[in-house]
Every structure is written in structure tokens, then in C-alpha cells.
Amino acid sequence: MDQAQRLREYMNQLNGTKSPAKPPAASRVITITSGKGGVGKSNFTLNFALGLKAAGKRVIILDLDLSTANINILMGITPRYNLVDVLHQRQGIWDVLETGTSGIEYIAGGLEIDDLMQLDDQTTAFFANQIQELQSSTDFILIDTGAGVSKELVDIILASDETIMVTTPEPTSMADSYAVLKTVLQFTDQKPAVRLLVNRAQNYREAAETAKVLQSTCRNFLKLELKLLGSLMEDSHVRQAVRAQTPFYAAYPNSTASKSIKQIVYSYLPDLDEVSVTAAPPAGIRGFFEKIRSFGKSS
Ligand SMILES: Nc1ncnc2c1ncn2[C@@H]1O[C@H](COP(=O)(O)OP(=O)(O)OP(=O)(O)O)[C@@H](O)[C@H]1O
Ligand SMILES: [Mg+2]
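Residues numbered from 1 in each chain as written. Chains lettered and ligands numbered in written order. Predicted model: local features only at pLDDT ≥ 70, side-chain atom pairs only at ≥ 80, totals over all residues. Heavy atoms only, no water.

K.L.:
What is the right way to read the pairing of strand β8 (residues 227-233) from this model?
P.N.:
Side chains on a regular strand alternate between the two faces of the sheet. Extensive coverage of β8 is indicated by the burial of 5 of its 7 residues. Note: strand β7 (residues 194-201) against β8, 5 bridges, orientation parallel. Residue pairing in the sheet places R195 in a bridge with K227 of β8. Running through helix α10 (residues 204-222), the crossover from β7 to the neighbouring parallel element β8 is right-handed. (Buried < 20%, exposed > 50% of the residue type's maximum accessible area, 1.4 Å probe, protein only. Helix = DSSP H or I, 4+ residues; strand = E, 2+ residues; numbered from the N terminus. Pairing = 2+ DSSP bridges. Right-handed = clockwise from strand over helix to strand, strands pointing away.)

Structure below.
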């Protein structure tokens, strides 16, 4: 600590303020989910990952969508192994990590949350150690999930450091987003950190209106504050990129969708720094799996 720093600390103490928190050591686990299927979760996850990477962050995508796991197709890769291989000690964590188009790293889940709850002590120790390796080698772990209400999804949301709820302006999508959040709150006394992403809006006005309705409904009926992460417009480049199995952020960097991703990253990262000064540090990926296991024991 140099002299100026020491002086700042001292002044802070005099003023009764804490010095700014150090960057959290644990990776932040963010679950991306939705009520209705097909609203753009996987595309958002992948392109948000690229946006974070462009901002100098290390990101790993973990695919926990069991029913329609296909983010790997968007990334142009066919995973050889998945987390079940780590559970059965057939592979180490680095063997199941694949690098997709544009250098994004990816781990296929392939496991039921129940699998984690039935582990013996020795397997748990091995798995925890492997997971621990990820903790220090990445800043963000983005979890792509399936849609719809299930206990499995509730557990994943409650074990994450934060959740991004993807919705479109369609009333069915908004209603299903609300239904998922309502169910999550039935399983906890705490307020999970949830951010809202509006996708496929025709214009910014429609996006803002969608966010406003969902935010006020959650505030009034669930006493849950949804922070607005941002919005993505309907953009034909998204479909074109899907067909080419390339992320739109890489294929069409000047598209409206890519500009929105940049804008989202631009406002999201400073917001995290602000939160980290006061809020508990993220529990990270090890904390995530420990919580999932503890839910199994208590139910
Ligand atoms: N902003 C957008 N503009 C235009 N089309 C979009 C946009 N976002 C998503 N789409 C279209 O919606 C399709 C579904 O997107 P995606 O696979 O990301 O949804 P999902 O929520 O992950 O679906 P699932 O619930 O099946 O996992 C894409 O293939 C694309 O055609
Ligand atoms: Mg998907």
C-alpha cells in the first residue's frame, strides 16, 4: 500500500466509510432463464458472453438445459463429454471444457440436479475439487437453462448469484416469466437478485412498456424488484447468425442486436462494482453446487 492509499484508508475511517471492496475472488454465477420457451435465452447467453469477453472478462457457459440443450449448436461444437463424466470421475473438469466459435468456453451439463444429491462423500470431494478449479479461472459462469416452472429450475435460480429473466413483449411470455418468479418465491424467504431482459421488441418504446408492466406486477404482487438489464430488438441478423451457427455478435458486429449487447455490457459491469461494495460477494460455482446439494438434503 503506498502512502496516498494509506491516507485514503485513514480518511475513509475518519468518515466512517468502508474502503471500496476488492474485486470478488469467486466467479459470479448468472442463470439465464425464461417462463416461455424459445424467447431467445440461448442466443442471449452466447452473445452476452462474447460481449463480456470483449470487455476483458473471462466467461464460461454452462449448459444446464436438459430438455432442449442446444446452445452448443449455436456455438458450432459437439461436446465429447459433460459434467456427468466428471461426476463419475471419468474426466477432469478441463477435459469437459470445450472452446466454441469466437473462443467462448463451454461445459455441457447433461446431469439431473438429482444426480448431485445422491453422491457419496468421496465423489462429492472429487467433484467439489474439480469445480473449485473453475472458480479462480473465470469471472463469470453463465448458465443456460430450459424454460418453464420446475423444482429443478427453482433450485438453479436459488443457488445462483443472480438470474436474468428473458421475456418478450408477448403477454404469454410476460405471464410465464411472472409465474416462474412467483414459484421461486414460494421456496425462499429471501429476495433473489433478478434482472430483466426484454427480447424481440419492435422498438424501444415497446421494450420499455414491457419492462414497466412486468416490473410493477412483480413489485405489487411479489414485493420483488426486478432490475432492468436492457433490451434487444427484433433483428433478422439473429436468425441469419443462427443459421450460420455463428454468434451474431461476431458475425454482425454492427447489427442492432450487437449494439444492444454492447450497451447492456456497458451498463452491467459498472453496476456490479457498485453492488459489490455493499452486497455479499458471489458464492461462485462451488457455492452454487453446495447450495444445490443442501436443497436436496432439506427437502
Ligand atoms: N432478437 C431477436 N431477433 C430475431 N429473432 C430472434 C431474436 N432472439 C431470438 N430470435 C429467434 O428465436 C429463436 C429461438 O432463440 P433461442 O434458441 O435463443 O431461444 P431459447 O429461449 O433458448 O429457446 P429454448 O427455450 O428452446 O431453449 C432463434 O433461433 C431466433 O430465430
Ligand atoms: Mg435455449
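Having seen it, we continue.
K.L.:
I would appreciate a short explanation of the pattern of salt bridges in the present structure.
P.N.:
Two side chains carrying opposite charge are able to pair once their charged atoms lie near each other. With the rule as written, the count across this model stands at 13 salt bridges. A salt bridge links E98 to R80, with the nearest nitrogen and oxygen atoms 3.5 Å apart. Residue E98 is located in strand β3 (residues 97-99), and its partner R80 is located in the loop between α3 (71-74) and α4 (83-87); the two are separated by 18 residues in the primary sequence. A salt bridge links E225 to R219; the shortest N-O distance between them is 2.8 Å. The exposure class of R219 is partly exposed, given its relative accessible area of 36%. Within this structure, R28, E162, R195, K227 and D271 form a network of salt bridges that share partners. (Salt bridge = Lys/Arg side-chain N within 4 Å of Asp/Glu carboxyl O.)

K.L.:
I'm lost on helix α8 (residues 151-159) in this one. Help?
P.N.:
With 7 of 9 residues buried, α8 lies mostly within the body of the structure. All buried positions along α8 are accounted for by L153, V154, D155, I156, I157, L158 and A159.

K.L.:
Teacher, can you tell me more about the pairing of strand β5 (residues 140-147) here?
P.N.:
In terms of residue burial, β5 counts as a mostly covered element, since 7 of its 8 residues are buried. The pairing of strand β1 (residues 28-34) with β5 spans 6 bridges and is parallel. The residue of β5 that forms the bridge with R28 is F140. Relative to β5, strand β2 (residues 59-63) runs parallel, the two sharing 5 bridges. Among the inter-strand pairings, I60 is bridged to a residue of β5, identified as I141.

K.L.:
How should the packing of aromatic side chains be read in this particular structure?
P.N.:
All told, the structure shown has 5 aromatic pairs when counted by the stated rule. Relative to F48, the ring of F44 lies with its centre 5.0 Å away and its plane at 15°, an arrangement referred to as stacked. In this pair, F44 and F48 both sit in helix α2 (residues 41-54), 4 residues apart, roughly one turn of the helix. On the accessibility criterion, F44 (1% relative accessible area) is buried. Considering the side-chain rings of F140 and Y268, the 6.2 Å spacing of their centres and the 45° angle between planes classify their relative orientation as tilted. With a gap of 128 residues between them, F140 in strand β5 and Y268 in helix α13 (residues 256-278) connect regions that are remote in the sequence. A relative accessible area of 1% means that Y268 is categorised as buried. Taken together, F44, F48, F140 and Y268 form an aromatic cluster joined through their ring pairs. (Phe/Tyr/Trp six-rings, centres within 6.5 Å; stacked < 30°, edge-to-face > 60°.)

K.L.:
Honestly, α2 in this entry has me stumped. Any pointers?
P.N.:
One full turn of an α-helix is made of 3.6 residues, so residues set three or four places apart face in the same direction. Compared with an ideal rise of 1.5 Å per residue, which puts 14 residues at 20 Å, α2 spans 20 Å between its outermost C-alpha atoms and is within 8% of the ideal. Residues of α2 that are buried: K41, S42, N43, F44, T45, L46, N47, F48, A49, L50, G51 and L52. Positive phi shows up at G56, right after α2, with a value of about 90°. (Expected span 1.5 Å × (residues − 1).)

K.L.:
When you look at the side chain of S258 in this model, what are you seeing that I'm missing?
P.N.:
Mapping S258 onto the fold places it in helix α13. At a separation of 2.7 Å, a polar atom in the side chain of S258 contacts the main-chain carbonyl oxygen of Y252. Here the side chain of S258 touches S255 through a polar contact of 3.0 Å, side chain to side chain. When residues no more than four places from it in sequence are discounted, the contact partners of S258 are F248, Y249, Y252 and P253. (Polar contact = N/O pair within 3.5 Å; in protein donor to acceptor, adjacent residues only side chain to side chain. Contact = heavy atoms within 4.5 Å.)

K.L.:
Looking at this model, I keep getting lost on the environment of A251. Mind explaining?
P.N.:
Checked against the element boundaries, A251 lands in helix α12 (residues 248-251). Looking at A251, the relative accessible area reads 36%, which means it is partly exposed. Measuring from C-alpha to C-alpha, the distance between A251 and A241 comes to 6.7 Å, with 10 residues separating the pair along the chain.

K.L.:
Mind showing me how you'd approach the site of ligand 1 here?
P.N.:
As a matter of local geometry, ligand 1 sits amid 17 residues, with G38, K41, S42, N43 and R239 nearest to it. In this structure, V39 approaches ligand 1 through a main-chain N or O atom, which is 3.1 Å from an oxygen atom. In the environment of ligand 1, an oxygen atom lies 3.3 Å from a nitrogen or oxygen atom belonging to the side chain of R200. In isolation ligand 1 has 650 Å² of accessible area, and contact with the protein removes 85% of it. Residue assignment for the shell around ligand 1 shows that the elements contributing at least two residues are α2, β7 and α11 (236-243). By residue class, the composition of the shell around ligand 1 is 4 nonpolar, 7 polar and 6 charged. (Near = heavy atom within 4 Å. Areas by Shrake-Rupley, 256 points an atom, 1.4 Å probe, with all protein chains shown as cover. Nonpolar A, V, L, I, M, F, W, Y, C, P; charged D, E, K, R; others polar.)

Without other data, these values stay purely geometric and don't point to any function.
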